[in-house]
Each structure stands twice: as C-alpha cells, then as structure tokens.
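Okay, here's what each chain looks like letter by letter:
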Amino acid sequence: MTKISKVLEIDNCNDGTLLKALYKAEFWEEINPSKKMEAKFTAPNVLHTKIYDEVDLIKIPIEMEGELILSDKGQDPGKGHLIEFNVRNNKDIRELEGRIRIKPLSPNKSKVGVFVETFTLSSDVLRSIAGVGDLVLQNKISEMLRNIEKYCKIKDLKDFL
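Read on for an overview of the structure. This is a predicted model, so every value here is computed, not measured.

### Things to note about the overall build of the protein
Per the secondary structure count, the protein includes 4 helices and 7 strands. Ordered by position from N to C terminus, the α and β elements of the protein give β-α-α-β-β-β-β-β-β-α-α. Within the protein, the proportion of its 161 residues that are buried is 41%. Considering only contacts within the protein whose residues lie at least 6 apart along the sequence, 49% involve residues at least 24 apart. As presented, the protein carries roughly 8,900 Å² of accessible surface, and 50% of it is formed by carbon and sulfur atoms.

Below, the structure written as structure tokens:
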C-alpha cells in the first residue's frame, strides 16, 4: 500500500479562496505538472481530465483520461479543511485515494497537504514498474504544490473565481 505525504506552507494563499479554486477546472490546468492537461467539471465535485505526459525517468509517453472525485468533509477544528479524493473511470489507475488538507496559518498564508493512502496501477506493464509509478506520483504532487506556491507569488487565486 502506497503512502505519500507532501505538505507545503504557501504565502499569499487564503485558505477559503484556495478551497473555492479547487473546484475550478482552470485552476487544475494551471497547476498541473504534466505536459498538457484538459480539464472540466462534469458535476460540482467531479473533475474530468485528459492528461498527456511522459515519464521522464524512462521516457514513456502517457495518455490518461479519468475523473477525480472531490468529497468536501468540512472544517476540522485545529486541523483545517478536509477534502477526500479518489479516481474513477481511469483505465490506467485502478485505485487512487487520499485527502487534501488546507489549514490557515494567517489570513494570507496556508498550509496545504496532500496525502495519498492508496495508489494502484491497472496494467501489468505499469505494475511491473510500480516503484517508478510511486516515485512519479510523489514528484507530480510535489510539483503541483510548488506550482500553487509559484502562482501565489505572482498572481491571485481570486482570478479563478
């Protein structure tokens, strides 16, 4: 079972604004670390994506399509806002479950954490390089958080609202 935890404190990032931005497809297209991503919300909490990328370590092109389901669990006193997520309708990923936690540190600074509980690839070929898959997922999550940080340094998350 894969366990991945990535946490970053982000300046110029209001927790409430970030929470609203998570439900905008343009936000995901902006922060995605892949070569190309097409995103749209097909329901208020269902993000449908098409991702085109390449695994840098072994130069394998990847095309993925599927849905990310965001389940808002609300505010947890002392811990921040919790959003659980999972992937469905993706032929390459059998299972991906985790959570995002957004905790305000000040009105303009937030701690954002992404915690993956399970990650299972579907195909035998992809499973045979499972260690590489875990590493790639860790790197992509780190890049997404850094992309949010970079965005917040030069722009305002309110632009997505």
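### Here's the deal with the packing of aromatic side chains
Inspection of the entire model under this criterion finds 4 aromatic pairs. Summarising the aromatic geometry, the rings of Y23 and F41 are spaced 6.3 Å apart at their centres and angled 35 degrees between planes, so their arrangement reads as tilted. Taken together, the residues span a long stretch of sequence, with Y23 in the loop between α1 (15-21) and α2 (25-31) and F41 in strand β2 (residues 36-43) at a distance of 18 residues. Residues Y151 and F160 carry aromatic rings whose centres are separated by 5.0 Å and whose planes lie at 35 degrees to one another, so their mutual orientation is tilted.

### Digging into the pattern of salt bridges
Applying the stated criterion across every chain yields a total of 9 salt bridges. The partner of K140 in a salt bridge is D53, and the shortest N-O contact between them spans 2.6 Å. One end of the pair, K140, is in helix α4 (residues 130-154); the other, D53, is in strand β3 (residues 46-55), with 87 residues separating them in the sequence. Summarising the burial analysis for this pair, K140 and D53 share the class buried. A single salt-bridge network, built from bridges that share partners, covers K3, R99 and E117.

### Examining the nonpolar core
Within the largest apolar cluster, 37 residues are counted, with the highest numbers of intra-cluster contacts made by F27, W28, F85, L96, V116 and L157. Take this core: its biggest share by element is 6 residues, from α4.

### Quick word on unusual backbone geometry
For N12, which is not glycine, the phi dihedral falls at a positive 55 degrees. For N12, the location among the structural elements is in the loop between β1 (4-11) and α1. A positive phi angle is found at N89, which is not glycine, with a value near 55 degrees. With respect to the secondary-structure elements, N89 resides in the loop between β5 (80-88) and β6 (93-106). On the basis of relative accessibility, which here comes to 59%, the residue N89 falls in the exposed class.

### Some remarks on the environment of E30
Topologically, E30 is positioned in helix α2. For the pair formed by E30 and M144, sequence separation is 114 residues and the distance between their alpha carbons is 9.2 Å.

### Let's talk about the environment of I10
Secondary-structure assignment places I10 in strand β1. Under the relative-accessibility criterion, I10 is labelled buried at 0%. For the pair formed by I10 and L105, sequence separation is 95 residues and the distance between their alpha carbons is 9.3 Å. In this structure I10 touches N108, K109, S110, V112, L145, I148, E149 and C152, once residues within four positions along its chain are discounted.

### Some remarks on the environment of D156
Relative to the assigned elements, D156 resides in the segment after α4. For the pair formed by D156 and C13, sequence separation is 143 residues and the distance between their alpha carbons is 8.1 Å. A polar contact of 2.9 Å, which involves the side chain of D156, links it to the backbone nitrogen of K158.

What counts and what doesn't
- Residues numbered from 1 in each chain as written.
- Predicted model: local features only at pLDDT ≥ 70, side-chain atom pairs only at ≥ 80, totals over all residues.
- Heavy atoms only, no water.
- Helix = DSSP H or I, 4+ residues; strand = E, 2+ residues; numbered from the N terminus.
- Buried < 20%, exposed > 50% of the residue type's maximum accessible area, 1.4 Å probe, protein only.
- Contact = heavy atoms within 4.5 Å.
- Areas by Shrake-Rupley, 256 points an atom, 1.4 Å probe, with all protein chains shown as cover.
- Phe/Tyr/Trp six-rings, centres within 6.5 Å; stacked < 30°, edge-to-face > 60°.
- Salt bridge = Lys/Arg side-chain N within 4 Å of Asp/Glu carboxyl O.
- Core = buried A, V, L, I, M, F, W, Y, C linked by side-chain atoms within 4.5 Å.
- Polar contact = N/O pair within 3.5 Å; in protein donor to acceptor, adjacent residues only side chain to side chain.

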